[in-house]
Amino acid sequence: MKRKGHKHKESFSILLISNTGRRNREVHISRNALRFIIVLLLCIVVALGGTGWLFYYFTPNNDGQGNLQTQLDEQVQLVAQLEAENQVLSETNQTLEKENEELRQSAESEEQVSVEEAKDEEDLSIPRLYPSSSSAVISFYTEEQPYLSINTHKEGNIIATGSGTVVEVTSDDTYTVIIEIEHKKGYKTRYMCRQEIELTASIGAQVEAGDTLFTVTEDDTQLDYQIIFGGEPIDPLTVIEAKG
């Protein structure tokens with residue numbers, strides 16, 4: 001039978017030499033132990049390198065912090081400027097909205113006035129017509145003579161200058177006939193003739209603008225025409241439409 005050989009474990013010797021004159025020492029270390037020591041040293045080196053990188057990364061950088069602080073200050077100033085501009089724009093917008101509302105109300109008011117004026121123009125009760133179909137003015141309205149004097153011709157018609165109700169047909173020492181018509185909106189008209197005429201209107205009659213009140217039977221018959229508004233006589237020419 002063959003004798004089994006013993007397998008020798010590989011080992012390393014480390015000679016420690018003293019520089020103080022003492023005796024040198026020799027240390028034996030196995031291969032596995034040497035490997036462990038080498039790996040341990042590598043781990044320590046790696047760990048120290050990572051710690052240094054982390055230290056460098058997290059160590060405050062004065063220059064970097066100064067730049068960041070400057071940028072932060074600039075952003076704060078920019079935000080404050082934008083807020084101020086936004087406030088100005090908001091106030092301007094409020095002013096424009098107010099002006100727009102005032103313009104809208106003014107336009108509506110003007111439109112309403114225009115509508116009322118248009119209604120007035122269409123309202124035939126306002127005495128706008130000229131009272132005679134064929135005539136010429138011989139004297140105008142004054143405070144001393146609060147009426148319009150008109151010279152009429154034979155077979156000419158004296159007409160109602162606006163729609164209304166005949167409230168008076170009478171005469172006096174000056175006029176052979178006086179006709180008074182009451183209109184809407186505070187107007188009254190008087191037709192006063194000095195000569196004989198052919199009467200058509202009667203008390204209580206409803207007349208339309210343009211209806212004949214009487215017919216002139218003589219040339220150069222004088223008609224005194226008066227408009228009363230609010231109880232006071234006014235110049236008829238301020239109400240009469242231009243004839244034509």
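These numbers were taken from a predicted model, which means no experiment stands behind them.

## With respect to the side chain of Thr 152
Looking at the secondary structure, you find Thr 152 in strand β4 (residues 148–152). Looking at Thr 152, the relative accessible area reads 1%, which means it is buried. A polar contact of 2.6 Å, which involves the side chain of Thr 152, links it to the backbone oxygen of Thr 221.

## Overview of the side chain of Asn 151
Relative to the assigned elements, Asn 151 resides in strand β4. Among the polar contacts made by the side chain of Asn 151, one reaches the side chain of Asp 220 at a distance of 3.4 Å.

## Some points on the packing of aromatic side chains
Under the criterion given, the structure shown has two aromatic pairs. Both rings, one in Tyr 187 and one in Phe 229, keep their centres 4.6 Å apart while their planes meet at 40 degrees; by these two values the pair is tilted. Of the two residues, Tyr 187 is situated in strand β8 (residues 187–193) and Phe 229 in strand β12 (residues 221–229); the sequence distance between them amounts to 42 residues. Taken together, a centroid distance of 5.3 Å and an interplanar angle of 45 degrees make the contact between Tyr 191 and Tyr 225 tilted. Pair noted here: Tyr 191 is in strand β8 and Tyr 225 is in strand β12, with a separation of 34 residues, a long-range link.

## Examining the pairing of strand β6 (residues 164–170)
One ladder, built from two bridges, connects β6 with strand β10 (residues 206–207); its direction is antiparallel. Considered in β10, the bridge of Gly 164 is made with Val 207. Here β6 runs beside strand β7 (residues 177–182); their pairing, made up of five bridges, is antiparallel. Pairing of Thr 165 across the sheet is with Glu 182, part of β7.

Conventions and cut-offs
- Along each chain, the written sequence defines residue order, and numbers are assigned to residues from 1.
- Given that this is a predicted model, residues contribute local features only at a pLDDT of at least 70 and side-chain atom pairs are listed and counted only at 80 or more, while totals for whole chains, interfaces and linings are drawn from all residues.
- Only hydrogens and water are set aside when side-chain values are computed; all heavy atoms of the structure are taken into account.
- Helix and strand assignments follow DSSP, with helices taken as H or I runs no shorter than four residues and strands as E runs no shorter than two, numbered in order from the N terminus.
- Here the term buried applies to any residue with accessible area under 20% of the maximum for its type, exposed to any over 50%, and partly exposed to those in between, with areas from a 1.4 Å probe on protein chains only.
- By the criterion applied in these results, polar contacts are pairs of N or O atoms within 3.5 Å in which, for protein atoms, one can donate a hydrogen and the other can accept it, and in which residues neighboring in sequence qualify only through two side-chain atoms.
- Aromatic contacts are taken between Phe, Tyr and Trp rings whose centres are within 6.5 Å, Trp giving its six-membered ring; a plane angle under 30 degrees counts as stacked, one over 60 as edge-to-face, and the others as tilted.
- Being paired, for any two strands, means DSSP has found at least two bridges between them.

Shape is all these values report; function is a separate question.
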